[in-house]
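# Coordinate analysis (summary)
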Amino acid sequence: MELDIELQPSDLVGCRYRAVQRHLFADRAPTEATVRRIERAEAGKARVLALLPDGPRPWDPPRFHRVHVDGAGDEAEFGTLEALAAQATIITGAVFTGVSGGRRWRSTPDVLIRDTEGRYLPVIVSNHRIARPEEGRRQRVIATSRLGLGTPSTAGYRLRHHAVDGYRLGLAARALAEFGLDSGRGAAIGQDRELAFLVDTGHYQAALSTALAAPLPDRPRRLKECGECRFWFDCGPRLTAADDISLLFPGDRGEPYRQRGIGTVAELIDADLGEPSALAAAWRERIPVLRRVGRVTARRFDVEIDIDVEAYLDQGAYLWGTYDGRDYRPFVTWGGLGTTAEADTFAEFWAWLNSVRDDARARGLGFAAFCYARHGENHWLSTSARRFAGHVSPAGHRVPPEAEISAFISSDEWVDVFAAVRSQLVGPRGLGLKTVAPQAGFTWAEADLDGEASVDLYRIAAGHTDAAPDEVIEARDRLLSYNGDDCRATSVVRAWLAAGAPGTPPLMG
Ligand code: SF4
């Protein structure tokens with residue numbers, strides 16, 4: 001018989017077995033990465049709560065009542081009902097529980113806002129990028145500081161869908177509907193804490209019902225999120241003992257094989273299916289990278305610059321790292337993102353890159369700049385040019401127009417090393433820089449730092465925490481070391497590819 005477990009919106013995306021494990025191992029402490037993520041979420045929520053209005057301005061209607069619900073469990077639920085009954089304008093800390101299709105659930109919207117008709121909009125605070133500016137779009141928005149007081153306006157944004165955010169809003173709307181207080185609308189506040197994006201919560205109800213009704217699994221299946229999950233101590237050994245195919249192909253990637261009756265790595269090796277079976281054998285033998293081609297190659301240039309950008313969430317790019325084969329040159333700011341400090345840094349970086357390119361051209365030398373998986377670099381090149389258009393740094397360097405960046409991105413002088421790797425190599429654990437560079441003999445000084453940990457470190461480095469001055473300096477040094485090594489690793493991988501990726505066995509026999 002299935003366990004009677006109270007579900008939260010986060011249980012409805014990603015690993016569904018986590019809810020079962022939470023029930024079985026309720027006392028298991030969260031991992032360090034989870035603690036950091038919770039801290040970031042709490043910091044975002046605290047910022048929003050500070051921005052919410054405390055009372056009306058002289059020109060607003062005088063009736064305004066903001067309530068925070070304290071406590072937990074039944075007490076918090078009761079406090080929520082009292083605040084609703086008191087017709088509070090803004091309610092924070094609300095808690096609802098309910099049952100849908102026989103499944104118990106809990107909803108904790110960050111904020112409830114009473115509308116002019118006496119119904120409520122749930123508001124959630126998310127650390128996702130929930131919207132991007134886009135000309136021609138008409139999205140309803142309202143300043144966080146005017147929630148409960150002002151009326152929304154329209155602005156040019158395109159919303160991005162994140163299932164868990166939709167479930168949070170949908171579940172809160174469902175809870176409000178039980179009291180006849182659902183407005184049919186909700187709002188999401190993303191990394192820009194000052195702006196709330198209005199949505200129709202009815203859009204989420206069908207998917208929410210389906211997700212709530214889905215049965216809970218009776219065993220684990222490896223997913224990307226297992227790496228940071230507190231229950232891996234139990235799931236990992238069970239998956240290994242079962243030789244489960246998700247160890248090789250996490251999530252739904254193993255589904256095509258399961259449908260053919262192949263559920264273990266051994267069965268996939270024996271099935272002799274070509275590349276998947278060869279990958280399974282490589283995984284078993286702990287071979288990280290294989291050659292798809294007879295001879296691996298990479299184009300070399302006279303002047304080569306490896307580039308890696310570091311950004312903090314969606315708020316800005318604080319570090320443009322460059323490596324010319326000899327020196328690492330970082331263009332960095334620890335000042336406020338989105339301010340002139342970031343604009344100056346970007347202008348200096350772009351001026352330096354152009355000077356190197358112009359110098360190479362003037363001397364008749366070939367030039368190229370490289371990165372590993374260019375999605376992030378392209379995003380921040382374009383975004384920085386757009387955000388800081390026309391800005392001139394104190395040194396007299398100009399932020400380029402976006403058209404200049406677009407021309408560079410689409411030119412032969414901007415090369416994605418990951419594309420060259422992916423077309424010639426394959427690996428059972430993917431082809432990330434951290435997997436490929438060690439094959440070329442490179443190791444990071446900051447071996448334990450990854451993208452998520454660097455986000456936490458940036459908060460210390462930029463003075464967003466109450467860390468001591470020497471901790472701030474250490475955080476800055478570690479981020480520079482990490483970024484410098486990413487640049488150097490890209491350079492080393494290129495040289496290794498150009499040498500034919502020595503030591504890499506062929507994919508097939
Ligand atoms: S370790 Fe993986 S499979 Fe197990 S509960 Fe966590 S995310 Fe789910």
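The paragraphs below set out a description of the structure included in this document. (Residues numbered from 1 in each chain as written. Predicted model: local features only at pLDDT ≥ 70, side-chain atom pairs only at ≥ 80, totals over all residues. Heavy atoms only, no water.)

## Remarks on unusual backbone geometry
Even without a glycine there, the phi angle at Asp272 is positive, about 55°. Position of Asp272 among the secondary structure elements: in the loop between α8 (265-271) and α9 (275-284). For Leu313, which is not a glycine, the phi torsion comes out positive at approximately 45°. In this fold, Leu313 is placed in the loop between β14 (303-312) and β15 (316-323). For Leu313, a relative accessible area of 18% corresponds to the buried category. (Helix = DSSP H or I, 4+ residues; strand = E, 2+ residues; numbered from the N terminus. Buried < 20%, exposed > 50% of the residue type's maximum accessible area, 1.4 Å probe, protein only.)

## Side note on the layout of surface pockets
Gaps left between atoms are located by rolling a probe of water-molecule size over the structure's atoms. A volume near 880 Å³ is recorded for the second largest pocket. Taken together, 31 residues form the lining of the second largest pocket, with Gln191, Asp192, Arg193, Asp314 and Gln315 sitting closest to its centre. Among the elements that line the lining of the second largest pocket, the one with the most residues is helix α11 (residues 375-387), at 5 residues. Broken down by class, the residue content of the lining of the second largest pocket amounts to 10 nonpolar, 10 polar and 11 charged. (1 Å grid on protein atoms, 1.4 Å probe; cavity = no way out; pocket = protein on both sides within 12 Å on 5 of 7 lines; lining within 4 Å. Points joined across faces, edges and corners; volume = space filled by probe spheres on them. Nonpolar A, V, L, I, M, F, W, Y, C, P; charged D, E, K, R; others polar.)

## Quick look at the sheet that holds strand β2 (residues 90-92)
Taken in spatial order, the 8 strands make up an open sheet running β1-β2-β5-β6-β11-β12-β8-β9, and their pairing is mixed. Across the chains shown, the open sheet's two edge strands, defined by having one partner strand only, are β1 (66-68) and β9 (153-155). Across this sheet, the average inter-strand angle for adjacent strands is 30°, counted without regard to direction. Both strand β8 (residues 139-143) and β9 contribute to a ladder of 3 bridges, which runs antiparallel. Across the sheet, Gln139 pairs through a bridge with Ala155, a residue of β9. Against the sheet, helix α2 (residues 32-51) touches β1, β2, β5 (111-114), β6 (120-125) and β11 (185-189), its axis set at about 135° to β6. (Pairing = 2+ DSSP bridges. Axes fitted to C-alpha atoms, helices over the stretch in contact; angles between N-to-C directions. Contact = heavy atoms within 4.5 Å.)

## Considering helix α15 (residues 451-461)
Along α15, the residues that are buried comprise Ser454, Val455, Asp456, Leu457, Tyr458, Arg459 and Ala461. Tucked inside the fold, the buried residues of α15 contact α2, β14, β15 and α16 (469-498). One or two steps after α15, the chain reaches Gly463, where phi turns positive at roughly 80°.

## Re the sheet that holds strand β16 (residues 328-332)
In spatial order, the strands read β16-β15-β14-β17-β18; together these 5 strands make up an open sheet with mixed pairing. With one partner strand each, in any of the chains shown, β16 and β18 (414-416) form the two edges of the open sheet. Along the sheet, successive strands turn relative to each other by an average axial angle of 25°, direction set aside. Taken together, the 7 bridges between β14 and β15 define a ladder with antiparallel strand orientation. Along β15, the bridge assignment pairs Ala311 with Ala317.

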